[in-house]
Every structure is written in structure tokens, then in C-alpha cells.
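Structural description and commentary
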Amino acid sequence: MDLEAVRTFVAAADAGRFQDAAAELSVTQQAVSKRVATLEKLLGVRLFTRTPRGAKLTIDGQAFLPHARELLRAEERAVASVRPGRRALRVDVIGRRLAPATLLRDFHRAQPEIQLDVVTLFDAEAAIDAIRSGTIDAAFRAVALPGRQLPDDIEAARVHDEPIQLVTGPRHELATARTVTPAALAGHRIWMPGLVPGTEWAAYYDALAAAFALTIEVTGPDFGTEPLLDTIADSRSLATLVGEQTSFAWPAEHGLRRIAVHNPTPVYPHSLLWHRDNAHPALTALRTHLRSGRFHHSAPGTWTPTWAERS
């Protein structure tokens, strides 16, 4: 259905005269008559009866008018859904318990008037494909993996370096330590069944293990965070690694310990990715917020893979 014809019909119905509708729409009276005639032909009914005083709605015209108004309102909603500044900014945060979700929540608190649509995609490849297709506006990811380059139309900026922590149960040998060094973790069993080969987080922990001679086990099915922590809580030998800002809620009786890793401090390199042609004003606001200096970035005494240092 031609929405211009529908808009002309509504204008004529409101004005009561084709001449007045033409003036409102900045078209000729002939154009109004033609559009109404086309709409009547499509619907198979007469919408107006001509009178000495103008144009009067027929019974069919009266029945069609509220639906015509709804069609125009639907058009307005459709346009607004994609108009820059009106559409919600859609951002991938990898996981809702991870640091990128915290960064985005901080942005929302700072600028609550900006609408956000938060999604979680599987890996960097999926995020990049979604950015290029327009499915999302931006994604938080670790980038510059070995042997991979970002497409030319994708921009990236390093926005947050997140310290890595050791998590142990209360009976683990390192449970009473306030801090540990990466070298001190050599020989201990670090269990991370959620590391999926080919993902950016697996590449990061592979590089960490190689740099400090760590034993990171990925054996067994990944049943999620809670079963992992249940196992760690009961184990004297197993520990795991998490980001400092990863949020957990575990029963008090678990007695889990989160232990800082220093000298050097391994940091996970979060970058923001976006399409270079994306003009959404909220994306600009997000990038400005992340450049505000309130977030941790690389500093002396930290470690990150050499491939991440280029991002």
C-alpha cells in the first residue's frame, strides 16, 4: 500500500477539502485527487463523496480512517527505530557477568538517557560479522589474535585492561596467600573447561600458559560457572583464573578465595570494535566515555600477549 496515498487520504479527511489537503502537503489539488483515486482503486471502495462544501467521508472512508492513521504511526515508529539517535545502541558484551558488561553499565549510569540493547555473542568472529552486517553497533573483544587481522572496515580501540585473579577453594595450598606471582602458579592445576579452541579468550590463556609454564586443563564438559565453582570449592588441588571484574555469587560455605596475581600482573585486553561508517551518536558517546581515563589500561608491571600489545 502506498503510504503517500494513505497520508494524502488522512490529510483530506482532516481538512474536509482536497484543496486544503493539497496546501498542507505542498502538492497540487490534482495530485491529491489522483492519490485518493489510486487508493480507492486498490481498496475497491469509495472513500469520499464530493459535496459543494468539499469532500465528505463515505461509510467505508470512516471505517478505513483509524486504520490509515495507525499505518502512518507504524511508519513513524519504523523510521524512528533506525534513525540515528533514536534507535537503541546495540552492544555485544561477551557475557553479562564479565567486565564489558560492567563497563557498559557504568556508561548507562553516566548517560541514562541513551537507550542500550545489550547482547552476548559467542566469539570475535561472530561479533565482527554482526558489526559488518549491521546487526550490532559495537562489541567488546580481545583483538589482533595471532595470524588474524581485522577487516579494513572495522575500527578497534583498546579500552580496558582487566587484571586476572586466581580462585581457589579454602583447602587449596594457595588459599591463604594475599597475592601470588604467575611463576608461583607453575605446577598447580588450573582448571578452565570453558576455554574453546579458536576463541580469543582461549588464545589469551594459551599465551599466558606458555609465558609462565602454567598447566591449564580444559578437560571435562563445561556445565557453567556454578558447577565449576562447586568443584573448585571442594578441591585441594584445582584452581581457576577469572577476570577481576567477573561477578560471582556463591554460597558462603564454599569459602572461595579470590587472589590477586602480581609481578607481573596478567591483564586481559578488552577493545571496543565498531564499523568505521557507523554514525550512531550514542556510539560516539560510548567511545568518549571509555576514553575518559577512568578505566585501567596497560601500566608497568603488567603482562599481556604480544599480539594484544598491537591493539
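Structure report, in brief. (Residues numbered from 1 in each chain as written. Predicted model: local features only at pLDDT ≥ 70, side-chain atom pairs only at ≥ 80, totals over all residues. Heavy atoms only, no water.)

**A short note on the overall build of the protein**
Helix and strand counts for the protein come out as 10 helices and 13 strands. Here the C-alpha atoms of the protein give a radius of gyration of 30 Å, more than 25% beyond the 19 Å that 2.2 N^0.38 yields for 311 residues. Principal axes of the C-alpha set define a box for the protein whose edges measure 95 × 40 × 30 Å. The 311 residues of the protein split such that 44% are buried. Across the protein, the fraction of contacts at a sequence separation of at least 24, relative to all contacts at a separation of at least 6, is 75%. Approximately 16,100 Å² of the protein is accessible, and the part contributed by carbon and sulfur atoms is 52%. (Helix = DSSP H or I, 4+ residues; strand = E, 2+ residues; numbered from the N terminus. Rg over C-alpha atoms; globule rule 2.2 N^0.38 Å. Buried < 20%, exposed > 50% of the residue type's maximum accessible area, 1.4 Å probe, protein only. Contact = heavy atoms within 4.5 Å. Areas by Shrake-Rupley, 256 points an atom, 1.4 Å probe, with all protein chains shown as cover.)

**Description of a nonpolar patch on the surface**
Together, Met 1, Leu 42 and Leu 71 make up an exposed nonpolar region whose accessible area comes to about 300 Å². Locating Leu 42 in the fold gives a position in helix α3 (residues 29-43). (Patch = residues over 30% accessible without salt bridge, like charges linked within 9 Å, V, L, I, M, F, W, Y side chains within 5 Å. Salt bridge = Lys/Arg side-chain N within 4 Å of Asp/Glu carboxyl O.)

**Quick notes on the packing of helix α2 (residues 18-25) against α3**
Two elements in contact, α2 and α3, have axes whose closest approach is 8 Å; the angle formed by their N-to-C orientations is 105 degrees. Between α2 and α3, the interaxial angle falls into the category roughly perpendicular. Here Phe 18, Gln 19, Ala 21, Ala 22 and Leu 25 of α2 come into contact with α3, specifically with Gln 29, Val 32, Ser 33, Arg 35 and Val 36. Looking at the contact of α2 with α3 residue by residue, the class counts come to 6 nonpolar, 3 polar and 1 charged. (Axes fitted to C-alpha atoms, helices over the stretch in contact; angles between N-to-C directions. Parallel < 35°, antiparallel > 145°, perpendicular 65-115°, else oblique. Nonpolar A, V, L, I, M, F, W, Y, C, P; charged D, E, K, R; others polar.)

**Observations concerning helix α7 (residues 200-212)**
Relative to the 18 Å expected for 13 residues at 1.5 Å per residue, α7 spans 19 Å between its end C-alpha atoms, a close match to the ideal helical length. Among the residues of α7, Glu 200, Trp 201, Ala 202, Ala 203, Tyr 204, Tyr 205, Leu 208, Ala 209 and Phe 212 are the ones counted as buried. Immediately beyond the C-terminal end of α7, within one or two residues, lies Ala 213, with a positive phi of roughly 55 degrees. (Expected span 1.5 Å × (residues − 1).)

**Remarks on helix α8 (residues 225-234)**
Each full turn of the α-helix corresponds to 3.6 residues, which orients residues three or four apart in the same direction. Residues of α8 that are buried include every one of Leu 228, Leu 229, Ile 232 and Ala 233, and no others. The arc that holds the buried residues of α8, viewed along the axis, is 135 degrees, so those residues lie on one side. Elements that come into contact with the buried residues of α8 comprise β6 (154-168), β8 (189-191) and β10 (238-243). (Arc of directions from axis to C-beta.)

**Focus: unusual backbone geometry**
In this model, Asn 263 is joined to Pro 264 through a cis peptide bond whose omega is -5 degrees. Relative to the assigned elements, Pro 264 resides in the loop between β11 (257-261) and β12 (265-275). Phi at Ile 94 takes a positive value of approximately 70 degrees, unusual for a residue other than glycine. With respect to the helices and strands, Ile 94 occurs in the loop between β3 (89-92) and α5 (99-110). Exposure remark for Ile 94: the relative accessible area of 18% places this residue in the buried category. The phi angle at Ala 213 is positive, at roughly 55 degrees, despite the residue not being glycine.

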